[in-house]
Amino acid sequence: MANNQENETLSKSKAKRENRHKEVTQQKKKRLLSNIIFGVITTAIVVFFVFAIAAGIYQSATRTTSSSDFSACLTDDGLIKDVEAASVVTLADYESLVVPMSEVVATQEEVDTDIQAMLEDSEELSTDASLTIADGDVVNIDYVGSIDGVEFEGGNSGGTGYDLTIGSGSFIDDFEQQLIGHAPGEEVTVEVTFPEEYSNNPDLAGKDASFAVTIHGIYVIPEFNDEFVTEYLSDVASNTEEYIAYVENFYYEQHLQEYIENYIFENSTVNKYPSAYLKNVKSTTKYGDESTVSYYNQMLGSYGMSYTNPWDIMEGIENEADYEKDLTARAKDTVKAALIYQAIYEKAGLSFDVAAYMEELVSTSSQEYVDGMIESYGGQGALMQSKLVEVVDEYLMDTVTVE
């Protein structure tokens, strides 16, 4: 009995020890699992912050710095410094290029549009009393507005003359329509009623007013004839036929230049981009983008609109990373074009007199203007690069065949 009791006691004791061992083991497992989970979470948090910091550092390191120094990496005669362009560009076979005449000839629409725009720019104010105002005419008037015989503030043109397009709706009610049929030199009384809601001057809202209008004249577009050409276009032509030929040649040369430029750009390959020059072009391109943003903000500021980043005004660009990719692509295109032109310049053995070109710039503008251009471009290199492109364009247009 004693042995049985002892054995039973031992069995119970053993069972307790085994249960305790299991509990300890389970607690160890729980602590181990907890430690593992905590470690995983901690590691994930650390990795997240490390990645975020690294991404920020990377973005900061790769962010392009804006620069207005367009002449950096250029020599004073417009060449890319320390670069033999012919060695890094595989040029298109421009010497054998045959351009279809149909692709470059001026269209009738271009000629007509050019002549019409030139005539409109030459319109003059006519005081011919035999003329009468029609819808769409531009007239020059002065006016004095009054309500119940008392002149009101803001209703007087001040005698300086105001150009008004009839039918534009610039003036209230049917003010403009009441001038139709009248002639230069006439004094006309125009009766109007201000709108019930007139934000420009609430004191005038809904009131009847009279305007004493003086018609100074009607702007007349001249007729395109030999007399007009002789008077206004004698530097390029003596009659209409010669001027039309002048306009046709202008568009022919423009189309030909564009055709050649597109051809050599699309069919030439850059084998290696000069890193320093590419970096600077990215900087100046970004400067141009920021200048555009500044211009937009000035124009739209009065409407409560403003932009902070260059990509805010660019379609399809939503963040800085995308902007940097787009900036690189645009800069590469600019560098490619510069390398192509320089390679042709080198291959053809072209040249121009830098000093003579500077004198030409001064003579056609002023020394002050040229000095300002050089300062704004960070040197004369950018100006000379533009001249280099002009020299190459002239060479290419003389080299290719048009038929």
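Heads up: the structure comes first, above all this text.
Residues numbered from 1 in each chain as written. Predicted model: local features only at pLDDT ≥ 70, side-chain atom pairs only at ≥ 80, totals over all residues. Heavy atoms only, no water.

Student: Would you mind showing me how to read the packing of aromatic side chains here?
Tutor: Between two aromatic rings, the relevant description is the distance of the centres plus the angle of the planes. Overall, the coordinates contain 22 aromatic pairs when judged by the stated rule. Plain terms: the ring middles of Phe70 and Tyr377 are 5.7 Å apart, the flat faces sit at 80° to each other, and that makes the pair edge-to-face. Of this pair, Phe70 sits in the loop between helix H1 (2-62) and helix H2 (85-88) while Tyr377 sits in the loop between helix H10 (367-376) and helix H11 (381-399), and the two are 307 residues apart along the sequence. Centre to centre, the rings of Tyr143 and Phe211 are 6.1 Å apart; their planes meet at 70°, and the pair counts as edge-to-face. Taken together, the positions of Tyr143 in strand S4 (residues 138-147) and Phe211 in strand S8 (residues 208-220) put the pair 68 residues apart, joining distant regions of the chain. (Phe/Tyr/Trp six-rings, centres within 6.5 Å; stacked < 30°, edge-to-face > 60°. Helix = DSSP H or I, 4+ residues; strand = E, 2+ residues; numbered from the N terminus.)

Student: Before we go on, may I ask you to explain the nonpolar core in this structure?
Tutor: One broad trend across soluble globular proteins is that nonpolar side chains are buried collectively. Counting residues in each nonpolar core, the largest one holds 41 residues, and the members touching the most others are Ile264, Leu339 and Val392. Elements supplying a minimum of two residues to this core: H2, helix H6 (240-266), helix H7 (275-300), helix H8 (320-347), helix H9 (354-364), H10 and H11. At nine residues, the largest contribution of residues to this core is made by H8. Contact partners of Val392, with chain neighbours within four places excluded, come to Tyr341, Ile344, Tyr345 and Leu350. Counting residues in hydrophobic clusters, the runner-up holds 23 residues, among them Val190, Phe194, Tyr198 and Ile218. (Core = buried A, V, L, I, M, F, W, Y, C linked by side-chain atoms within 4.5 Å. Buried < 20%, exposed > 50% of the residue type's maximum accessible area, 1.4 Å probe, protein only. Contact = heavy atoms within 4.5 Å.)

Student: Looking at this structure, I do not really get the environment of Ala331. What am I missing?
Tutor: Checked against the element boundaries, Ala331 lands in helix H8. Looking at Ala331, the relative accessible area reads 0%, which means it is buried. For Ala331, the residues in contact, after removing those within four places along its chain, are Leu278, Val281 and Lys282.

Student: I'm lost on the pattern of salt bridges in this one. Help?
Tutor: Where charged atoms from two side chains of opposite charge approach closely, those side chains can pair. According to the stated counting rule, one finds six salt bridges in the structure shown. Between Arg63 and Glu320 there is a salt bridge, and its shortest N-O distance comes to 2.4 Å. Of this pair, Arg63 sits in the loop between H1 and H2 while Glu320 sits in helix H8, and the two are 257 residues apart along the sequence. One salt bridge in this structure joins Glu390 and Lys387, with 3.3 Å as the shortest N-O distance. Of this pair, Glu390 and Lys387 both sit in helix H11, three residues apart, which is roughly one turn of the helix. Since its relative accessible area comes to 36%, Glu390 is described here as partly exposed. (Salt bridge = Lys/Arg side-chain N within 4 Å of Asp/Glu carboxyl O.)

Student: Looking at this model, I keep getting lost on the environment of Tyr263. Mind explaining?
Tutor: On the secondary structure map, Tyr263 appears in helix H6. On the basis of relative accessibility, which here comes to 24%, the residue Tyr263 falls in the partly exposed class. Along the primary structure Tyr263 and Leu97 are separated by 166 residues, whereas in three dimensions their C-alpha atoms are 8.9 Å apart.

None of this, on its own, says anything about what the molecule does.
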